[in-house]
Amino acid sequence: MQRRDWIYLWLILLLVGLSLWLNLAQPAIAFWRPVPAPPENATPDQIAEAQARARAIRSTALRLGLDLQGGMQVILEARGDASVVNPQNMETARNIISDRVNPMVGYEAVVQRQGERRLVVELPGVFDPQEALAAMQRTGFLEFVDTNGEILPEGMRITTTHGLSAEQVAAITGTRIYRTVLTGADLDSREIRADSDPTTQEPIVALGFNAEGTRIFAEWTSAHVNQPLAIVLDKKVISCPIVQEPITNGKASIRGEGIDRREAQRIATLLRYGALPVELEVVENRTVGPTLGQDSVNRSVIAGIIGLCTVLVFMTLYYRLPGVVASVALCIYTLLIFALYRLIPVTLTLPGIAGLLLSIGMAVDANILIFERMKEELRAGKSLRTGIEAGFDRAWTSIWDSNLSTLLTCAILYAFGSSLGASIVKGFAITLFFGVIVSMFSAITVTRTFLRLLYHTVGSWMERGSRLLLGVAVETR
Amino acid sequence: MLRLIRRRYLYFALSALIIVPGLVAMGISTARYGTPVRLSIDFTSGSYVEVEFERPVQAGEVRRVFLEQGLEVASVQLSAGDRIAIVRSQVMDAARKDRVIAALGKELGPVRERRFDSVGPSISRVVTRNALYAVLAAAVVILGFITFAFRKVPHPFRYGLCAIIAMVHDILVTVGLFSLAGLLLGWEADTLFLSALLTVIGFSVQDTIVVYDRIRENTPRMRGLPFEQVVDHSLTQTLHRSLATQLNAMFIMVAILLFGGATIKQFILVMFVGLASGTYSSLFNAVPLLVVWENRDIPRFFARLRGRA
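Residues numbered from 1 in each chain as written. Chains lettered and ligands numbered in written order. Predicted model: local features only at pLDDT ≥ 70, side-chain atom pairs only at ≥ 80, totals over all residues.

Engineer: Would you mind showing me how to read the overall build of chain A here?
Structural biologist: Each helix and strand in chain A was counted, giving 13 helices and 16 strands. In chain A, buried positions account for 42% of the 477 residues. The contacts in chain A between residues at least 6 apart in sequence include a share of 71% that link residues at least 24 apart. (Helix = DSSP H or I, 4+ residues; strand = E, 2+ residues; numbered from the N terminus. Buried ≥ 20, exposed ≤ 12 C-beta atoms within 10 Å, placed from the backbone. Contact = placed C-beta atoms within 7 Å.)

If you want it as structure tokens, here you go:
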């Protein structure tokens, strides 16, 4: 064993340990995701916001795609001409939609841009089209509401006069209707930010009105000193402060028990970017039943395991000791690949699983190429040591060239998969791609390191029992 | 050494035996449905409504309810003791689907929606076009890659082109049999079929490259031997590997076909056929074709014809 082999051995053990931990403990890990840099003249708050966006704590649970878990796929199309529907607006819209649907899915949902004016939204585990569409069409609508002296509890849903005509208001009976004094449209969006109270350090959302808003706000607060004013977001009360004195400078803030730093940030973002830059229309809306997926998943997983065990048995019977080593390498491969899926993360779909199975097949193929070569060299009278090494060296070019062509195909599939209308083809390409790379590590590095280790420790025993252990008679030294 | 190459025209004939019925099926399918394979709504446009009733229903009843709602119906399929109906219909939005399901509930008793898909015509056009581009792009890139990887042997372009011919062979076998299944069993190509087909393409090339690699290695070593024998040696040496690899792939696929979930079976079956074809075409098409080209079989054949005439 050379120094390099020991390094590899420790590296393999380290990776196996790490992936065991990832697979068994499924720890939540802090990730940094790429976020566009804040503009040069950004305020400290904006910089902090960008940093908070970049650092995300994420679970490493395995993600199952639409077809496995069931759920919905919605395709949105932007209305308007090229002046509105441009790549920049579509990207902003994509980010906003993604922010809106993520809480429903529990992690970052797949929101892809397709072509010039389409967004594809995949929502595994979501089955209520109303819920999904409502979440996507939410605008972050802020209202300042006159409560007629009533103090409304936080979180209460209310009906307001905004958007209703006088007749409609008159027609509604049984529900109280509150009068909207001002809306988010009266705010100056540059003046909206998450902040903290200078004296109490309490997190707040600082607001500033435009000229018209300032005038209305001053008039209303002058007339309603010592009365409550409800601040309502999407028809839900977020706070209900008492007006202490007339506010004439057009500044206000939102604070409340339920508002911590994160929530203040969320509200500020919602108010600032709430409105989508383009109007989006639902053009396609699919629901995939969960039964379709679940039954298939469970049975296919079991079937896959049966198939895999058959492969292990075959390899062991056909290639003997190297076959056992290959089987161990294959188990390590499976551990590594699932750890990788959790880390990246890769969303597993049915074609994804198929891509995984194919890559397992290719991992085995690499070992077969090596072992066949090894047998050939040993039959030709090479010593055990040179036979093992020659097997790896000679098989390398064919493994490399064939795997490289598969990687190229994956890249093409990935590129076209983005526009194929579903993440299905893309998922297949991703799993195959990582599968091929990990398979080269497991089938070559892991197998070689273990075989060298075996040769080093029980080499003479291998030579003496070569007919049984290798399937070939080896000349003893 | 096995003298495999000698019977090369037998192998080509065997390929033709599989491909020709497939081509015929594709022709019939094109005449009947407008496309070589029947397409699911992933590729065409329309809607797919799957509903479950509490009691058995008749296809005609279901169709009538859809028609009453002003929806054209392409097909109604019943399963699970006639309690589950799969209706293929024109494109509709969720509101319209809700109305038709409500109508079904009123006329035919309690009903539960299992699945709903609706795909507009513009999407399907994009998907179909991109699928074709993907295959073409893959072929071009692979041709370039092989020509580059085999630049040290004489005529590297031949290797690339023969690998692409073998790939087309596998596509024809897979699509042809799928087309036949479409005619006989009503199979429809969806995005899963597409990914299976792309897998087959990847595997086909991978397999071909392994055999080529052996020829590349043997060419300088067996300088004195005729090309045909070099190829025979190479085939013999890689035969074990080809069979072992194919066998392993079969283990996994057969396990899934026997015990796996229903939704993935069609997908695996397509891969099964495609991978078998991939191994066959590598050994018995891509490699013998190199010999056909090297020996100038075709010009000689015509020369002989002319000589006889």
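Engineer: Please explain the confidence of the model for chain A as it appears in this structure.
Structural biologist: Low-pLDDT stretches of the model should not have their predicted coordinates read in fine detail. Put simply, chain A has an average pLDDT of 80, and 83% of its residues get 70 or more. When the elements of chain A are averaged for pLDDT, helix H2 (residues 44–54) of chain A gives the smallest value, 61, and helix H1 (residues 3–25) of chain A the largest, 92. (pLDDT = per-residue confidence, 0-100.)

Engineer: In this structure, what is going on with the pairing of strand E7 (residues 142–146) of chain A? I would like to understand it.
Structural biologist: One face of the sheet, then the other: side chains in a regular strand alternate in exactly this way. Residues and elements named next belong to chain A. Counting buried positions over the five residues of E7 gives four, a clear majority of the element. Strand direction decides the pairing type here: E7 and strand E12 (residues 229–233), joined by five bridges, are antiparallel. In the strand pairing of E12, Val145 is matched with Ala230. The sheet contact formed by E7 and strand E9 (residues 177–183) spans four bridges and is antiparallel. Looking at E9, one finds that Glu143 is bridged to Thr183. (Pairing = 2+ DSSP bridges.)

Engineer: Please clarify how the packing of helix H10 (residues 350–379) of chain A against helix H7 (residues 227–259) of chain B should be interpreted in this entry.
Structural biologist: The relative placement of two packed helices comes down to the angle between their axes together with the axis-to-axis distance. Packing of H10 of chain A against H7 of chain B leaves a shortest axis separation of 9 Å and a crossing angle of 150°. With respect to their mutual orientation, H10 of chain A and H7 of chain B come out roughly antiparallel. Note on packing geometry: the crossing formed by H10 of chain A with H7 of chain B is right-handed. On H7 of chain B, the residues touching Leu357, Gly361, Val364, Asp365, Ile368, Leu369 and Glu372 of chain A of H10 of chain A are His240, Arg241, Ala244, Thr245, Asn248, Ala249 and Ile252 of chain B. Considering only residue class, the contact of H10 of chain A with H7 of chain B consists of seven nonpolar, four polar and three charged. (Axes fitted to C-alpha atoms, helices over the stretch in contact; angles between N-to-C directions. Parallel < 35°, antiparallel > 145°, perpendicular 65-115°, else oblique. Left-handed = near helix turned anticlockwise from the far one by under 90°. Nonpolar A, V, L, I, M, F, W, Y, C, P; charged D, E, K, R; others polar.)

Engineer: Explain the interface of chain A and chain B here, please?
Structural biologist: Accessible area lost upon the coming together of the parts is a frequently used measure of interface size. In this complex, chain A contributes 54 residues to the contact, which on the side of chain B involves 52 residues. Mapped by element, the contributors of at least two residues to the side of chain A that touches chain B are strand E15 (280–288), helix H9 (290–343), H10, helix H11 (384–417) and helix H12 (424–464) of chain A. A per-element tally of the side of chain A that touches chain B places H9 of chain A first, with 16 residues. For the side of chain A that touches chain B, the class distribution of residues is 29 nonpolar, 18 polar and seven charged.

Engineer: So what exactly am I meant to see when it comes to the sheet that holds strand E10 (residues 193–196) of chain A here?
Structural biologist: The strands making up a sheet associate through hydrogen bonds between their backbones, and the pairing can be parallel or antiparallel. Residues and elements named next belong to chain A. With antiparallel pairing, three strands are arranged side by side in an open sheet as E10-E11-E14. The open sheet has two edge strands with one neighbour each: E10 and strand E14 (251–254). Adjacent strand axes in the sheet meet at a mean angle of 40° when their direction is disregarded. As defined by bridge partners, E10 adjoins strand E11 (residues 203–208) across four bridges and the pair is classed as antiparallel. What sits directly across from Arg193, in E11, is Ala206.

Engineer: Help me out: how do you make sense of H1 of chain A in this one?
Structural biologist: For an α-helix, the turn length of 3.6 residues means that residues three or four places apart are oriented alike. The terminal C-alpha atoms of H1 of chain A, which comprises 23 residues, lie 33 Å apart, in line with the 33 Å expected from a rise of 1.5 Å per residue. One or two positions beyond H1 of chain A, positive phi appears at Gln26 of chain A, with a value near 45°. (Expected span 1.5 Å × (residues − 1).)

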